[in-house]
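Residue-level structure breakdown
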Amino acid sequence: MQFENSFPFAEAMDNKDPLKIFRSYFYIPKDKQGQELIYLTGNSLGLQPKSTFDHINQELLDWEKYGVEGHLHAKNPWLPYHEFLTNSMADVVGAKPIEVVVMNTLSVNLHLMMVSFYRPTQRRFKIMIESDAFPSDKYAVQSQLRFHGFDVGEGLIELKPRSGEELLRTEDILESIEANGSELSLIILGNTNYYTGQAFDMKAITQAGHSVGSKVGFDCAHGAGNLLLDLHDTNCDFAVWCSYKYLNSGPGSLGGVFVHERHSHDTTIPRFEGWWGHNKSTRFGMRDDFDPMPGVEAWQLSNPPILSMAAIMSSLKIFAEARMERLRQKSEQLTGYMAYLVSELKNDSIKIITPSEPAHRGSQLSIQVKNADKKLFEWLASNGVVADWREPDVIRVAPVPLYNSYVDVHKFVELLNKGLVVHN
Ligand SMILES: *Cc1c(COP(=O)(O)O)cnc(C)c1O
């Protein structure tokens, strides 16, 4: 695709965009004058679909009308409600329905997965993670190490880029897996790093991990609804993600969990148990012994919050209509356009640290600002750009194919250019 650095070009791209209708499905936040903001933080909190109100309201009305009977008689009965989300969520992450469930929130699910898949012994107890992993993931693995009586300094293997580089090289990850082989118990990586936007080779990492006898899991918080995932084919043991970033399901909404099909009927896997993971045909018999559901549903603990699930249902309907393949296609172009426009600025005080090859990134670009003191970011915010600042010197922007336009991207880079002049 030949890009052009002009406003008419951006407008023409929007006009012929087969997914342009989807922007109108969302509320775009506005400034005090009523002008639409340039919203580039769908990687942090996705925008609200206009249909979400009605989906949540439906459940409020059914609760009003039926009380407890809504479990069976609501338009979407609450008892099996989570099942209504499974197929479309499985499509979004490239998994089989038996491998996917919506439950809890991300950090909680990460712990539940480690209860089952981090089973350290005195000889094999180490956990591998990115050195710049999302803080919550780091706290989770560190606390698991301590919980099992291990020293964090000894048990945590942190993957660091080579000196002078920002990104991890696949060959270095594989080498570290090999080098730590007999002591490695679990590899847990963000499938897209939240800071750099780097997407990892999940299949190669999983294969390497399994070949040395380690379990492998991925945090797909920045991958779900963004990259074309193929979790089943990746063959990893588990994955967790949230639904409020690219999946537009509202602040703090429930997370998703993947457990590979090969673990589906293994009743010996240790897990923390609750009644919602129990065989649903006898769940209300309130029997003494736990009879796990087949597949990942066995990890469910509680009956789930329906209001949050209603928001997820509304969002997943949009994904089913737009389809991940088409979204990813547009995303590569939209982010590619942004990267092109930024490079056209030919300004040495900024640098995109996200990989330049589309296969190694999602929507997000992380722009490193030399000698940054956050003023540029604040100037952008006061001029209608909603972006994200990460200490010490990175502005993260994510043009989201569902609701961002080429014009958004063009306007942002023009403002970035102006802001750089003002602050240099
Ligand atoms: C967003 C995000 C989280 C947030 O976890 P919650 O439990 O949903 O608050 C955790 N890890 C990563 C990698 C994230 O991107």
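Cut-offs applied
- Residues numbered from 1 in each chain as written.
- Predicted model: local features only at pLDDT ≥ 70, side-chain atom pairs only at ≥ 80, totals over all residues.
- Heavy atoms only, no water.
- Helix = DSSP H or I, 4+ residues; strand = E, 2+ residues; numbered from the N terminus.
- Rg over C-alpha atoms; globule rule 2.2 N^0.38 Å.
- Buried < 20%, exposed > 50% of the residue type's maximum accessible area, 1.4 Å probe, protein only.
- Areas by Shrake-Rupley, 256 points an atom, 1.4 Å probe, with all protein chains shown as cover.
- Lys, Arg positive; Asp, Glu negative; His and termini not counted.
- Charge placed at Lys NZ, Arg CZ, Asp CG, Glu CD.
- Near = heavy atom within 4 Å.
- Polar contact = N/O pair within 3.5 Å; in protein donor to acceptor, adjacent residues only side chain to side chain.
- Nonpolar A, V, L, I, M, F, W, Y, C, P; charged D, E, K, R; others polar.
- Pairing = 2+ DSSP bridges.
- Contact = heavy atoms within 4.5 Å.
- Axes fitted to C-alpha atoms, helices over the stretch in contact; angles between N-to-C directions.
- Parallel < 35°, antiparallel > 145°, perpendicular 65-115°, else oblique.
- Left-handed = near helix turned anticlockwise from the far one by under 90°.
- Domains from an automatic or database assignment.
- Buried area = accessible area lost by both parts, 1.4 Å probe.
- Salt bridge = Lys/Arg side-chain N within 4 Å of Asp/Glu carboxyl O.

**Quick notes on the overall build of the protein**
The helix and strand tally for the protein stands at 14 helices and 13 strands. A globule of 424 residues ought to have a C-alpha radius of gyration of about 22 Å, and the protein, at 22 Å, matches this closely. If one aligns the C-alpha atoms of the protein with their principal axes, the spans along those axes are about 70 × 60 × 35 Å. Taken across its 424 residues, the protein has 55% of its residues classed as buried. Of the roughly 18,700 Å² of accessible surface on the protein, 52% is carried by carbon and sulfur atoms. Looking at charge distribution, the protein has the averaged site of its 41 positive side-chain charges lying 2 Å from that of its 52 negative ones.

**Remarks on the site of the ligand**
In the vicinity of the ligand, the contacting residues are Leu106, Ser107, Phe134, Asp137, Asp219, Ala221, His222, Tyr244 and Lys245. Between Ser107 and the ligand, the recorded distance is 2.7 Å, taken from a side-chain N or O atom to an oxygen atom. For the ligand, whose accessible area on its own is 390 Å², the fraction buried by protein is 84%. Here the shell around the ligand is built from residues that sort into 4 nonpolar, 2 polar and 3 charged.

**Considering the pairing of strand β2 (residues 100-103)**
Of the two faces of β2, the one lined by Val100 and Val102 and the one lined by Val101 and Met103 are each fully buried. Relative to strand β8 (residues 255-259), β2 runs antiparallel, the two being bridged by 4 bridges. Counterpart to Met103 in the pairing with β8 is Gly255.

**Here we look at the side chain of His82**
Take His82: it is sitting in the loop between α3 (70-73) and α4 (83-93). A relative accessible area of 1% means that His82 is categorised as buried. Discounting chain neighbours no more than four positions away, the residues touching His82 are Val101, Val102, Trp276, Glu297, Gln300 and Met309.

**Details of the packing of helix α13 (residues 375-382) against helix α14 (residues 406-422)**
α14 packs onto α13 with a crossing angle of 130 degrees between their chain directions and a minimal axis gap of 9 Å. With respect to α14, the element α13 is oriented oblique. For α13 against α14, the interelement crossing comes out right-handed. Residues Leu376, Trp379 and Leu380 of α13 touch α14, and the partners they reach there are Phe412, Leu415, Leu416, Lys418, Gly419, Leu420 and Val422. Looking at the contact of α13 with α14 residue by residue, the class counts come to 8 nonpolar, 1 polar and 1 charged.

**Digging into the sheet that holds strand β13 (residues 394-397)**
Whether parallel or antiparallel, the strands of a sheet pair through hydrogen bonds between backbone atoms. Pairing is antiparallel in the open sheet, where 4 strands are placed in the order β9-β10-β13-β12. Strands at the two margins of the open sheet, each flanked by one partner only, are β9 (350-352) and β12 (388-390). Averaged over neighbouring strand pairs, the angle between their axes works out to 30 degrees when direction is ignored. Inspection of the sheet shows β9 paired to strand β10 (residues 365-369) by 3 bridges, in the antiparallel sense. Looking at the pairing, Ile352 lines up with Ile367 of β10. Relative to β13, α13 is tilted by about 35 degrees, and along the sheet it contacts β10, β12 and β13.

**Some words on the side chain of Lys138**
Among the structural elements, Lys138 can be located in helix α6 (residues 135-147). With relative accessibility at 15%, the residue Lys138 sits in the buried group. Setting aside its immediate chain neighbours within four residues, Lys138 contacts Ile129, Glu130, Ser131, Ala133 and Glu158.

**A closer look at the domain arrangement of the protein**
Domain parsing of the protein yields domain 1 (7-48 + 324-422) and domain 2 (80-320). Using only C-alpha atoms to locate each centre, domain 1 and domain 2 end up separated by 29 Å. The interface of domain 1 with domain 2 comprises 36 residues on the first partner and 22 residues on the second. Buried area between domain 1 and domain 2, both sides added, is near 2,300 Å², and the carbon and sulfur share of it is 60%. For the pair domain 1 and domain 2, the interface holds 1 salt bridge. Across the salt bridge formed by Lys351 and Glu166, the nearest N and O atoms sit 3.3 Å from each other. At the surface where domain 1 touches domain 2, the tally comes to 11 residue pairs in polar contact (both at pLDDT 80 or more). Elements that contribute at least two residues to the side of domain 1 that touches domain 2 include exactly α12 (324-344), β10 and β13.

**Focus on the pattern of salt bridges**
A side chain of one charge can pair with a side chain of the opposite charge when the charged atoms of the two come close. Here the structure, examined in full by the defined rule, presents 18 salt bridges. Of the charged contacts in the structure, one is a salt bridge between Glu261 and Lys96, with a shortest N-O distance of 3.1 Å. Taken together, the residues span a long stretch of sequence, with Glu261 in the loop between β8 and α11 (306-322) and Lys96 in the loop between α4 and β2 at a distance of 165 residues. Take Glu261: its relative accessible area is 32%, and that puts it in the partly exposed class. Arg262 serves as the salt-bridge partner of Asp237, at 2.9 Å between the closest nitrogen and oxygen. In this pair, Asp237 sits in the loop between α10 (231-234) and β7 (238-242) while Arg262 sits in the loop between β8 and α11, placing the two residues 25 residues apart along the sequence. By relative accessible area, which is 38% here, Arg262 ends up partly exposed. Taken together, the shared-partner salt bridges connect Arg23, Glu36 and Asp408 into one network.

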